[in-house]
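Read off the chains here:
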Amino acid sequence: MVFSKARAWVPWAAWIAIALAIGAVVFFVQARAGGERITAARMAIVDTVGYQRPPAISPPASGRPVTLPNAPKPDFAPTADASPQHIATRVTWYSLKVPPLPDDGRQLYLYIPRWKSDGSLSIYADGRLVSQSHANLQWNGSNQPIWLALPRSDASHPPKTLDIRLQHVRGIGGAFSSVWIGNFRQLAPRYYVRDFFQVSLPAFSVTAFLATGVFSLLVWFSRRDEPIYGLFFLMSFVCFLRMLHTFVGERPLIVSDAWFGWITINSVFWICATMHLFAIQLHHGRQPILTRVILANTAFWMIATLPGLLDPTLLSAPIYLNMLILGWVIGLNVMRLSIKARSRFAMWLAVWSLIGLAFAVYDVALQQNLVNIESVFLTNFTGVGLTLLCWYIMFSRYIEALETATQAKADLARRLAQREAELTASHAKLREVERRELLHQERQRLMQDMHDGLGSTLVGALRAFEGNRAAQLDTVSILRGCIDDLKLTIDSMEPVETDLLLLLATLRFRLQPRLEAAGVKLVWDAGEVPPLEWLDQRHALHILRIMQEAIANVLKHSGARTVTVSVQTEGDQVLVRVQDDGRGFEPAGLPSGGRGLANQLSRAEAIGGAIRWEEAKRGSSLALALPVSKARRSVV
């Protein structure tokens, strides 16, 4: 909580520190500046209609003496024709005597902090025209300080007199500041400090604000359901239009002065309307009545101030009054919404808006010549503060987003680790269950196989002995059969890893001694065969039993001297053949009491294979067909 409160004071503390640092720099620079200041002049007034080009030569000095800065009280008198060509204007002449200056050969400069003309400005040195603004320059240039290199009256002396000609709307212009003369080292600090705070800084801030607004506009293009981004761009754009008259310079504009003045005046109402819409959108509120009143007021002044429609001298006072009332209404409403929403950022915007309105009151007093005209318009700095505030808000939102993302990432990592541990434990449990299930199945298989194989043989022998037929039995053969059954069961437990040849090699190792003892030669012919993916211990035992039964039939019934076992691949099958050179027999000719053939057929079917007896020139031939893949099983 303490950290959050400390962070809330960061922007205010930073701004106070910046303001103090800037004030210290300005004070230091101004203290080291020099030059001669002219505050005495003679003023002459000539009433005119429309705007005329300045004469090449200034008239002789005349009029009454005045002290500079001179700022007469505005006189809002109506005019017969409000069009720029026929509007009532006035030419004010200021004649100044240049004090004696040390002639050290350095270039002399003229520095004028401010001139309020709402028209055109011309400067004469020793009666000759040396500088003039646009002939019909009403709205741009008057906010910029004058910096002019003075020509010499002859080869060695600086000018002795200066004449200033202002042509402005009659009754609402004509104010003029004091004048400074000196060399570059003396006047440059004064000029550049004022130019920075009066022109460059507001221009930079409002341009940066517009750039931020353009970024917001691009965001709005991809998020059309959030109009607040579009309103932010609109607010930055109308602020840019409002500030144009402070830094566009003294050159003619792409629009006429009358229309530029219309944009400059109405941009204040556009700012108020946009800020109101932005505030209610920010707080997700609805104020239809106040919104209609603000939009209707904006539309009214947009029509009333159209060039040539009404007299601007009559509209000036109502416009200023309406701007102040409208601004305070919107500012207090934004403050109320911010308090209700408990939004820190919105509260800062509301406070700064009220500060901007206080600045506006001062600027109206400056516009009406009620304060020293050499002051600067404070509302120009509201754009600076608004830009810094918006940047800080964006920076804070960015930092908060990074913290949220980092926290989410850490939380996700923690949850993943927890989930991984749970999955590991679950996998271990599943493996244990699987292991137990495999052991159980293997026990069942071994029990069934021993019951069907070794157990069946032993039970048959036991019954024969119990029936007093022991003398008729071949005890050695019975025991060998039991041993072979036991060995096959043991061999089937070895991992074969889909290798049929390895399985058959094990069978060869087990049966070859028995065949040699019976005087039968075993010929082994095994070619390359593909791995059988389905071959496991259960299937291996079925193959071994089939081959054991085939070899046993050869020994019992064929009287063969040679047995050939061959393995080869034919298409999608692997064929295992057992062929002998004995008497041969038909499957139907086997003893009816034997179960060997039935067992062979059932075991072959269980592993997806098939058994067939093939014709042979001598002896018999049994073929076991095994599928390479269970999905491509063929029926033989």
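Computed from a predicted model, the values in this text were never measured in an experiment. (Residues numbered from 1 in each chain as written. Predicted model: local features only at pLDDT ≥ 70, side-chain atom pairs only at ≥ 80, totals over all residues. Heavy atoms only, no water.)

As for the packing of helix α4 (residues 228–247) against helix α5 (residues 257–282)
Inference 1: Remark: α4 packs on α5, axes separated minimally by 8 Å, with the N-to-C direction vectors making an angle of 155 degrees. The angle between α4 and α5 falls in the class roughly antiparallel. Seen along the crossing, α4 lies across α5 with a hand that is left-handed. (Axes fitted to C-alpha atoms, helices over the stretch in contact; angles between N-to-C directions. Helix = DSSP H or I, 4+ residues; strand = E, 2+ residues; numbered from the N terminus. Parallel < 35°, antiparallel > 145°, perpendicular 65-115°, else oblique. Left-handed = near helix turned anticlockwise from the far one by under 90°.)

Concerning the side chain of N369
Inference 1: Looking at the secondary structure, you find N369 in the loop between α8 (344–367) and α9 (379–452).
Inference 2: We classify N369 as buried; its relative accessible area is 14%.
Inference 3: In this structure the side chain of N369 is engaged in a polar contact, spanning 2.7 Å, whose partner is the backbone oxygen of P72.
Inference 4: In contact with N369, not counting residues within four places along its chain, are A71, P72, P74, K116 and A175. (Buried < 20%, exposed > 50% of the residue type's maximum accessible area, 1.4 Å probe, protein only. Polar contact = N/O pair within 3.5 Å; in protein donor to acceptor, adjacent residues only side chain to side chain. Contact = heavy atoms within 4.5 Å.)

Let's talk about the sheet that holds strand β15 (residues 573–580)
Inference 1: The sheet built from 5 strands is open, its strands ordered β13-β14-β15-β17-β16 with mixed pairing. Looking along the sheet, the strands with just one partner apiece sit at the ends: β13 (521–526) and β16 (610–614). Ignoring strand direction, the axes of neighbouring strands in this sheet form an average angle of 15 degrees.
Inference 2: Sitting on the sheet, helix α12 (residues 500–517) touches β13, β14 (562–570), β15 and β17 (621–627), and the angle it makes with β13 is about 170 degrees.
Inference 3: Against the sheet, helix α13 (residues 537–558) contacts β14, β15, β16 and β17, and its axis sits at roughly 20 degrees relative to β15. (Pairing = 2+ DSSP bridges.)

Considering the sheet that holds strand β9 (residues 146–149)
Hydrogen bonds between backbone groups are what pair the strands of a sheet, and the pairing can be parallel or antiparallel.
Inference 1: Ordered in space as β1-β12-β5-β9, the 4 strands form an open sheet in which the pairing is antiparallel. Pairing within the sheet leaves two strands with one partner each, and these edge strands are β1 (36–38) and β9. Adjacent strand axes in the sheet meet at a mean angle of 20 degrees, parallel and antiparallel pairs treated alike.
Inference 2: Docked against the sheet, helix α3 (residues 184–222) engages β5 (108–112), β9 and β12 (179–183), running at close to 135 degrees with respect to β12.

Things to note about unusual backbone geometry
Inference 1: Of the consecutive residues L68 and P69, the connecting peptide bond is found in the cis state with omega at 0 degrees.
Inference 2: Locating P69 in the fold gives a position in the loop between β3 (64–67) and β4 (88–97).
Inference 3: One non-glycine residue, D126, lies in positive phi territory at about 55 degrees.
Inference 4: Classification of D126 by relative accessible area gives partly exposed; the value is 28%.

Structural notes on a nonpolar patch on the surface
Inference 1: On the surface, I254, V255, W259, I303, L306, L309 and L310 cluster together into a nonpolar patch covering about 700 Å² of accessible area.
Inference 2: With respect to the helices, strands and loops of the structure, L310 is situated in the loop between α6 (288–304) and α7 (312–341). (Patch = residues over 30% accessible without salt bridge, like charges linked within 9 Å, V, L, I, M, F, W, Y side chains within 5 Å. Areas by Shrake-Rupley, 256 points an atom, 1.4 Å probe, with all protein chains shown as cover. Salt bridge = Lys/Arg side-chain N within 4 Å of Asp/Glu carboxyl O.)

A few points about the packing of aromatic side chains
Inference 1: If you walk through the whole model with that rule in mind, you get 19 aromatic pairs.
Inference 2: With a centroid separation of 5.2 Å and an interplanar angle of 20 degrees, the aromatic rings of Y94 and F176 are classed as stacked. Linking Y94 in strand β4 with F176 in strand β11 (residues 175–176), this pair joins segments that are 82 residues apart in sequence.
Inference 3: Relative accessible area serves as the criterion here: at 0%, Y94 is assigned to the buried category.
Inference 4: Where Y111 meets Y191, the ring centres are 6.2 Å apart and the plane angle is 85 degrees; that geometry is what we call edge-to-face. (Phe/Tyr/Trp six-rings, centres within 6.5 Å; stacked < 30°, edge-to-face > 60°.)

Details of the confidence of the model for the protein chain
Inference 1: Of the residues in the protein chain, 77% reach a pLDDT of 70 or more, and the chain-wide mean stands at 78.
Inference 2: Across the protein chain, the secondary-structure element scoring lowest on mean pLDDT is helix α1 (residues 2–8), at 42, and the one scoring highest is β3, at 93.
Inference 3: In the model, residues 1–9 has pLDDT below 50 throughout and makes 4 contacts with residues more than four positions away in sequence or in other chains.
Inference 4: Taken as a whole, residues 632–636 scores under 50 in pLDDT and shows 11 contacts with residues more than four places along the chain or in a different chain. (pLDDT = per-residue confidence, 0-100.)

A few points about the pairing of β4
Inference 1: Burial analysis of β4 places 8 of its 10 residues in the buried class, the great majority of the element.
Inference 2: Relative to β4, strand β2 (residues 40–49) is paired through 8 bridges, and the arrangement is antiparallel. Within β4, the position partnered with M43 by the bridge is Y94.
Inference 3: With 9 bridges connecting them, β4 and strand β10 (residues 161–169) associate as antiparallel partners. The residue bridging W93 from the neighbouring strand is R165, located in β10.

Quick look at the packing of α12 against α13
Inference 1: Where α12 meets α13, the closest approach of the two axes is 11 Å, and the angle between their N-to-C directions is 30 degrees. On the basis of their axis angle, the class for α12 and α13 is roughly parallel. Crossing geometry of α12 relative to α13 is assigned as right-handed. Here L500, L503, L504, L507, L511, R514 and L515 of α12 come into contact with α13, specifically with A540, I543, L544, M547, I551 and L555.

A few points about the environment of V219
Inference 1: One can find V219 in helix α3.
Inference 2: You can call V219 buried: its relative accessible area is 19%.
Inference 3: The sequence separation of V219 and G230 amounts to 11 residues, and the corresponding C-alpha distance is 8.4 Å.

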